[in-house]
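Take a look at the letters that make up each chain.
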Amino acid sequence: MVTHQPSTATRTGVHSPVRQAFLLLRTVFTIAPILFGLDKFANLLTDWTQYLAPVATQVVPVTAQQFMYGVGVVEILAGILVAWRPRIGSLVVAAWLLGIIINLLVLPGFFDVALRDFGLLVGALALNRLATAESRHPDGMISK
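Everything numeric here is computed off the predicted structure, so don't read it as measured data. (Residues numbered from 1 in each chain as written. Predicted model: local features only at pLDDT ≥ 70, side-chain atom pairs only at ≥ 80, totals over all residues. Heavy atoms only, no water.)

### Re the overall build of the protein chain
Secondary structure summary: the protein chain contains five helices and zero strands in total. Listing the helices and strands of the protein chain from first to last along the sequence gives α-α-α-α-α. The burial tally for the protein chain puts 32% of its 144 residues in the buried class. Sequence-distant contacts, at least 24 apart, represent 65% of the contacts inside the protein chain between residues at least 6 apart. Put simply, the protein chain shows about 8900 Å² of open surface, and 71% of that area lies on carbon and sulfur atoms. (Helix = DSSP H or I, 4+ residues; strand = E, 2+ residues; numbered from the N terminus. Buried < 20%, exposed > 50% of the residue type's maximum accessible area, 1.4 Å probe, protein only. Contact = heavy atoms within 4.5 Å. Areas by Shrake-Rupley, 256 points an atom, 1.4 Å probe, with all protein chains shown as cover.)

If you want it as structure tokens, here you go:
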């Protein structure tokens, strides 16, 4: 017996590919900023100060590590905001990533990381669009 699967447009709830994409992006943009923000205090993954353009500490007169502590706090708060209000949090993360990209473009040798972060910025903007649709259609049915 052949059963008919509903089309993507008629799937609802967690079975909707749009809902799944929203949940996936919201989860990643919640967890990643929080983990990276926490690591700004521990430097287990890398020495984060190597990614900071010297002009940053000229503008804000603190050490590079103190600057990274501030970055860590902002990243943790941004991740929490994405979890709580993904439509707003995704824009905060996108703006934050734009700042990181500009910082990396000032440094020689980090253009590959800047390009990667541009991809993340696009993902944050995609989350914003999905969060906007989600807020209009919380049952997961998003019309075309």
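### Comments concerning a nonpolar patch on the surface
There is a patch of nonpolar side chains on the surface, built from Val 55, Val 59, Val 60, Val 62, Leu 98, Ile 102 and Val 106 and spanning about 570 Å² of accessible area. Looking at the nonpolar patch, the elements that each hand over two or more residues are α2 (54-59) and α4 (86-106). Of all the elements, α4 adds the most residues to the nonpolar patch, at three residues. In this fold, Leu 98 is placed in helix α4. (Patch = residues over 30% accessible without salt bridge, like charges linked within 9 Å, V, L, I, M, F, W, Y side chains within 5 Å. Salt bridge = Lys/Arg side-chain N within 4 Å of Asp/Glu carboxyl O.)

### Regarding the side chain of Glu 75
In this fold, Glu 75 is placed in helix α3 (residues 64-84). The contacts of Glu 75, once residues within four sequence positions are left out, are Pro 33, Ile 34, Phe 36, Gly 37, Lys 40, Trp 96 and Ile 100.

### Some words on the packing of aromatic side chains
Applying the stated rule across the entire model yields four aromatic pairs. Taken together, a centroid distance of 5.2 Å and an interplanar angle of 5 degrees make the contact between Phe 41 and Tyr 69 stacked. Taken together, the residues Phe 41 in helix α1 (residues 17-42) and Tyr 69 in helix α3 connect sequence positions 28 residues apart. With relative accessibility at 34%, the residue Tyr 69 sits in the partly exposed group. Pairwise contacts between aromatic rings join Phe 36, Trp 48, Tyr 51 and Phe 110 into one cluster. The ring of Trp 48 has Lys 40 lying over it, and the distance from NZ or CZ to the ring centre is 3.6 Å. (Phe/Tyr/Trp six-rings, centres within 6.5 Å; stacked < 30°, edge-to-face > 60°. Lys NZ or Arg CZ within 6 Å of the ring centre and 35° of its normal.)

### Quick notes on α1
Helix length check: α1, at 26 residues, gives a terminal C-alpha distance of 37 Å against a target of 38 Å (1.5 Å per residue), a fit within 8%. Among the residues making up α1, those that are buried are Phe 22, Phe 29, Thr 30, Pro 33, Gly 37, Asp 39 and Lys 40. Where α1 is buried, its residues touch α3, α4 and α5 (111-136). Of the residues flanking the end of α1, it is Asn 43, one or two places downstream, whose phi is positive at about 55 degrees. (Expected span 1.5 Å × (residues − 1).)

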